[in-house]
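Analysis of the macromolecular model
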Amino acid sequence: MAKGRYSRLQARKSFSSTLILILVMFTFIILILVAFGMLYLPNNSADSSRKANDLTTIVHNKVDSNSADSSRKANDLSTIVHNKVDSSERDDGRQEHWAEVISWEPRSFIYHNFLSKEECDYLINLAKPHMQKSVVVDSKTGKSKDSKVRTSSGTFLPRGRDEKIREIEKRISDFTFIPVEHGEGLQVLHYEVGQKYEPHFDYFKDEFNTMNGGQRIATLLMYLSDVEEGGETVFPSAKGNYSAVPWWNELSECGKGGLSVKPKMGDALLFWSMNPDASLDPSSLHVN
């Protein structure tokens, strides 16, 4: 009798092991079919018609508030599309906004309508009474000094100065994925006709500034006003076909000297001065 009970127990264990093995093999087959596209898993999402996009495939179509589906198509730098955008403003006073890649060398992106007109005016009025001749940083001492390569005027706004500034700083942090406390205070710059900042890097190449202030890994330029002509941010060492941008014919002669971004009130240009591996990116050389 004891021997019989032992045999039935052994049989049950054998059956359980076989069942587990079958389930494992079945799961493995399902995964293979999904991987090769031979089997599709159900999607209960309300908007299953949209396909995954990253910043390299964004095309901004006209926003229609009465439409439940605004489709996007893939594109690259050579086929950037600027379709009409709904001019109606959002609850926060900003017009419809979106982001797009303009270059991978350097890594640079435009965030359209990053600021509202009211925010642009606020920053201008806040900075106007404090504008002074712009300076550059001395690579030997870390102190500021006057230089002919930079002829604009500007001023710094302390980080977290007031509620509006904190809102903008939080928005910058959300866009760049860089914590607010790792950023510098906002700097407001003004360029008169003929003023400039000759080709330069935003990263430091000397040990003094790197040790004392840390390396600048990225820059976000926010354009506070429109200009009739010129005023572009130019990347003369960028890789790619400069003339592929849709606004090529609108650029000044200086702007055609590299990959250029035309200033538009409220837009923001983010570019990275360092590569993902923390090496310095020489293609981030730029002119303002």
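Further up the page is the structure itself.
Since the model is a prediction, treat every value here as computed from it, not as a measurement. (Residues numbered from 1 in each chain as written. Predicted model: local features only at pLDDT ≥ 70, side-chain atom pairs only at ≥ 80, totals over all residues. Heavy atoms only, no water.)

1. Side note on the packing of aromatic side chains
Note the threshold: Note on aromatic contacts: the rings of Phe and Tyr and the six-membered ring of Trp form a pair at centre separations within 6.5 Å, being stacked when their planes are under 30 degrees apart, edge-to-face when over 60 apart, and tilted otherwise. Here the term buried applies to any residue with accessible area under 20% of the maximum for its type, exposed to any over 50%, and partly exposed to those in between, with areas from a 1.4 Å probe on protein chains only. Secondary structure elements follow DSSP: runs of H or I of four or more residues count as helices, runs of E of two or more count as strands, with numbering from the N terminus.
Taken as a whole, this structure holds six aromatic pairs when the rule is applied. Between Y111 and F114, the ring centres sit 5.0 Å apart and the planes meet at 85°, which makes this aromatic pair edge-to-face. Classification of Y111 by relative accessible area gives buried; the value is 16%. Judged by relative accessible area, which is 0%, F114 ranks as buried. Residues Y111 and F175 carry aromatic rings whose centres are separated by 4.9 Å and whose planes lie at 85° to one another, so their mutual orientation is edge-to-face. Here the residue Y111 occupies a position in strand β2 (residues 107-111), and F175 occupies one in helix α3 (residues 163-176), the gap between them amounting to 64 residues.

2. Some points on the packing of helix α2 (residues 117-127) against α3
Which entries qualify depends on this criterion: As a rule, the C-alpha atoms of each element are fitted with a line to give its axis, helices using only the stretch in contact, and angles between N-to-C directions run from 0 to 180 degrees. By the definition adopted for this analysis, an angle is roughly parallel if under 35 degrees, roughly antiparallel if over 145, roughly perpendicular if from 65 to 115, and oblique otherwise. Here is the rule for handedness: rotate from the far helix to the near one, and if that takes an anticlockwise turn smaller than a right angle the crossing is left-handed, while a clockwise turn gives right-handed. The criterion used for residue contact is that any of the two residues' heavy atoms lie within 4.5 Å. Each residue gets one of three labels, nonpolar for Ala, Val, Leu, Ile, Met, Phe, Trp, Tyr, Cys and Pro, charged for Asp, Glu, Lys and Arg, and polar for the others, Gly among them.
Contact pair α2 / α3: the axes reach a minimum separation of 11 Å and the direction vectors enclose 120°. The angle between α2 and α3 falls in the class oblique. In the packing of α2 onto α3, the handedness of the crossing is left-handed. Across the interface between the two elements, E119, Y122, L123 and L126 of α2 pack against K164, I165, I168 and R171 of α3. Across the contact of α2 with α3, the residue classes tally to five nonpolar, no polar and three charged.

3. Some points on the pattern of salt bridges
Heads up, the condition is: The working definition used for a salt bridge is a side-chain nitrogen of Lys or Arg within 4 Å of a carboxyl oxygen of Asp or Glu.
Enumeration according to the criterion identifies eight salt bridges in this entry. Between K133 and D146 there is a salt bridge; the shortest N-O distance is 2.9 Å. Taken as a pair, K133 in strand β3 (residues 132-133) and D146 in the loop between β5 (144-145) and β6 (153-157) lie far apart in primary sequence, 13 residues in all. Since its relative accessible area comes to 41%, K133 is described here as partly exposed. A salt bridge links K196 to E198, with the nearest nitrogen and oxygen atoms 2.9 Å apart. Since its relative accessible area comes to 35%, K196 is described here as partly exposed. Note on E198: relative accessible area 29%, which makes it partly exposed.

4. Structural notes on the sheet that holds β6
The condition that has to hold: In short, DSSP must find at least two bridges between two strands for them to pair.
Read from one edge of the open sheet, three strands run β3-β6-β7, paired in antiparallel fashion. The strands lining the two open edges of the sheet, one partner per strand, are β3 and β7 (186-190). For β3 and β6, the ladder comprises two bridges, and the chain directions are antiparallel. From the neighbouring strand, K133 faces β6, where its bridge partner is S153.

5. Observations concerning the pairing of β6
Among the five residues of β6, four are classified as buried, and the element is accordingly described as predominantly covered. Examined bridge by bridge, β6 and β7 share five bridges and lie antiparallel to one another. The partner of S153 across the bridge, within β7, is H190.

6. Some remarks on the sheet that holds strand β8 (residues 218-222)
Spatially, four strands are ordered β1-β2-β11-β8 in an open sheet, and the strand pairing comes out antiparallel. Each having just a single partner strand, β1 (99-104) and β8 make up the two edges of the open sheet. Across the sheet, the axes of successive neighbouring strands diverge by a mean angle of 15°, strand direction being ignored. Along the sheet, α3 makes contact with β2, β8 and β11 (268-272), crossing β8 at roughly 130°.

7. Examining the environment of E105
Secondary-structure assignment places E105 in the loop between β1 and β2. Here E105 falls in the partly exposed class, since its relative accessible area comes to 43%. In the structure, E105 is positioned 177 residues away from P282 in sequence and 9.0 Å away in space, judged by C-alpha atoms.

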